[in-house]
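# Geometric and topological summary
Now for the letters of each chain:
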Amino acid sequence: MKFNYTRIFHPRLQHGVIAVILAALAGPAAGEDALMVDGARIEQHIIELSAFGRNQQGGVDRVAYSEADLDARRYVSGLMNQAGLEVRIDAAGNLIGRREGREGRRPLMIGSHIDSVPGGGNYDGDVGVIASIEVARVLNDSGTMLDHPLEVVIFADEEGGLTGSRGMIGDLTPAALEVVSHSGLTVADGIARIGGDPHRLAEAARAACSLAAFVELHIEQGAVLHDEGIDIGVVTGIVGIRWWDVIVEGIANHAGTTPMDKRRDPMLAAADFIKIVNNVIRSEAGTQVGTVGRIRAEPGAPNVIPDRVVMSLEIRDLDADKMQSLFDKIRQQARQIAQRHGTPLEYRELDVASAPALTDERIQNVIAKSAEKLGLSQKRMPSGAGHDAQDIARIAPTGMIFVPSVGGISHSPREYSEPADMANGANVLLQTVLALDAAPPECTIASAND
Ligand code: HGY
Ligand code: MN
Ligand code: MN
């Protein structure tokens with residue numbers, strides 16, 4: 001694993017360390033009770049967690065429902081026990097650690113995920129999980145009693161389509177359970193493997209307004225905070241994500257004997273399709289993105305013209321209508337490809353879509369104020385990555401805290417966040433929890449599926 005300790009000399013890190021020292025010296029100004037997380041312990045736990053599913057590049061292959069995922073879940077369960085949390089697994093496979101508050105209060109929830117994309121890094125999801133457990137531990141070790149129960153959640157299968165949080169809002173459809181996850185197991189089989197029960201999903205569903213608030217800490221995964229030298233991102237909204245399988249049908253034939261003008265080659269059509277996606281997405285102003293990230297030719301041999309190509313198509317934006325209109329435009333333009341190559345195209349949307357969501361402005365303000373009290377710089381910004389928080393925003397007032405990603409690299413073994421930045425984010429999370437406990441926002445959400 002490549003933890004680059006020379007980064008300790010990075011000017012941004014020095015800035016972060018100075019901010020932490022100043023905040024500590026400032027005493028009570030850092031927060032009403034001046035509780036602080038243990039940054040070294042967070043770093044140690046991140047390093048220990050990265051052993052599960054470690055790959056040769058120094059990142060992790062820890063897709064949901066794999067052996068590595070199971071091992072890592074056991075490891076974080078142990079950390080939750082050490083933090084004084086009572087741990088259980090809900091029917092959707094979410095790991096939940098709880099400490100009680102005063103009777104009759106709705107829980108405050110914090111957390112993130114520890115499953116990775118194939119070839120993932122050591123910070124995506126992990127930082128929010130380890131920091132949330134650290135917050136619980138600081139509260140436990142200091143004997144701090146909150147009014148609200150605190151639940152630390154490790155959502156199941158975030159990278160496969162926010163599966164665990166969809167379960168928590170009662171939105172895991174039969175079609176979603178049949179999707180084949182990164183592990184090769186269906187989502188239903190995967191949930192059963194990690195200790196959930198796909199036949200009792202109703203038990204995992206939380207009602208609208210049954211949580212006092214939800215806050216997720218996460219690495220930014222982009223370069224804005226790092227490039228601008230800002231400590232904390234206060235997330236304003238999270239993009240919606242839709243995935244399709246795009247299937248191109250051609251005719252298989254001998255690659256040596258079939259003249260170039262006598263082919264119906266779906267690979268050529270796929271190449272044109274990929275260009276259309278890029279052109280359409282870039283043809284309009286805005287921050288929308290579109291990606292073809294996976295492609296498979298069948299039967300898949302150098303000497304066979306394929307008869308079938310299956311590609312993924314992903315579209316993201318903060319505006320659901322815009323996502324639909326971009327997809328319609330791609331489909332419209334792709335009709336010409338089908339005609340030109342004699343290769344029909346078909347689209348199958350996967351039931352993994354997540355709707356765009358805004359975070360709660362009152363929680364944004366609490367996060368911003370917590371950062372300010374700690375002497376940390378901050379910026380309001382949208383999230384281009386998907387997060388479980390966008391599901392939970394449908395049932396509870398929700399906020400998100402970002403910490404910088406060095407170079408903006410993510411979904412890669414080269415993903416890295418500075419220890420001081422992780423500690424800063426965890427301290428902001430701790431102060432946010434304390435502030436929300438003292439003054440929880442009123443919940444005005446009518447129903448999760450409105
Ligand atoms: O794909 C995403 O945006 C996220 O990292 N799950
Ligand atoms: Mn991710
Ligand atoms: Mn993530």
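Residues numbered from 1 in each chain as written. Chains lettered and ligands numbered in written order. Predicted model: local features only at pLDDT ≥ 70, side-chain atom pairs only at ≥ 80, totals over all residues.

## Quick look at helix α11 (residues 361-373)
The first and last C-alpha atoms of α11 sit 18 Å apart over 13 residues, in line with the 18 Å expected at 1.5 Å per residue. If you check which residues of α11 are buried, you get Ile363, Val366, Ile367, Ala368, Ser370 and Ala371. In this structure, the buried side of α11 is in contact with β5 (213-219), β6 (232-238), β15 (378-383), β16 (398-403) and α13 (419-438). (Helix = DSSP H or I, 4+ residues; strand = E, 2+ residues; numbered from the N terminus. Expected span 1.5 Å × (residues − 1). Buried ≥ 20, exposed ≤ 12 C-beta atoms within 10 Å, placed from the backbone. Contact = placed C-beta atoms within 7 Å.)

## A closer look at the site of ligand 1
Residues in close proximity to ligand 1 include Asp124, Glu158, Glu159, Ala385 and Gly386, which together make up its full environment. Along the lines of polarity and charge, the residues of the shell around ligand 1 split into 1 nonpolar, 1 polar and 3 charged. (Near = placed C-beta within 6 Å. Nonpolar A, V, L, I, M, F, W, Y, C, P; charged D, E, K, R; others polar.)

## Points about unusual backbone geometry
Omega for the peptide link from glutamate 298 to proline 299 comes to 5°, which places this bond in the cis form. Tracing the backbone shows proline 299 in the loop between β10 (295-298) and β11 (304-305). Even without a glycine there, the phi angle at glutamine 221 is positive, about 75°. Along the polypeptide, glutamine 221 turns up in the loop between β5 and α8 (224-228). Judged by local crowding, glutamine 221 falls into the buried class, with 21 C-beta atoms found within 10 Å. With a phi close to 50°, histidine 411 is a non-glycine residue in the positive phi region. Here histidine 411 shows up in the loop between β16 and α13.

## Observations concerning the confidence of the model for the chain
When pLDDT is averaged across the chain, the result is 93; 92% of the residues are at 70 or more. This model gives residues 1-32 a pLDDT under 50, and the stretch forms 46 contacts once residues within four places in sequence are excluded. (pLDDT = per-residue confidence, 0-100.)

## Points about the domain arrangement of the chain
When the domains of the chain are assigned, the result is domain 1 (5-239 + 357-438) and domain 2 (241-349). Domain 1 and domain 2 are separated by 35 Å when their C-alpha centres are compared. Taken together, the 5 residues of domain 1 in the interface contact 5 residues of domain 2. Each residue belonging to the side of domain 1 that touches domain 2 can be placed in one class, and the counts come to 2 nonpolar, 3 polar and no charged. (Domains from an automatic or database assignment.)

## A short note on α13
For α13, which comprises 20 residues, the first-to-last C-alpha distance of 29 Å matches the rise-based estimate of 28 Å (1.5 Å per residue) to within 8%. Counting buried residues in α13 gives 18 out of 20 residues, a clear majority hidden from the surface.

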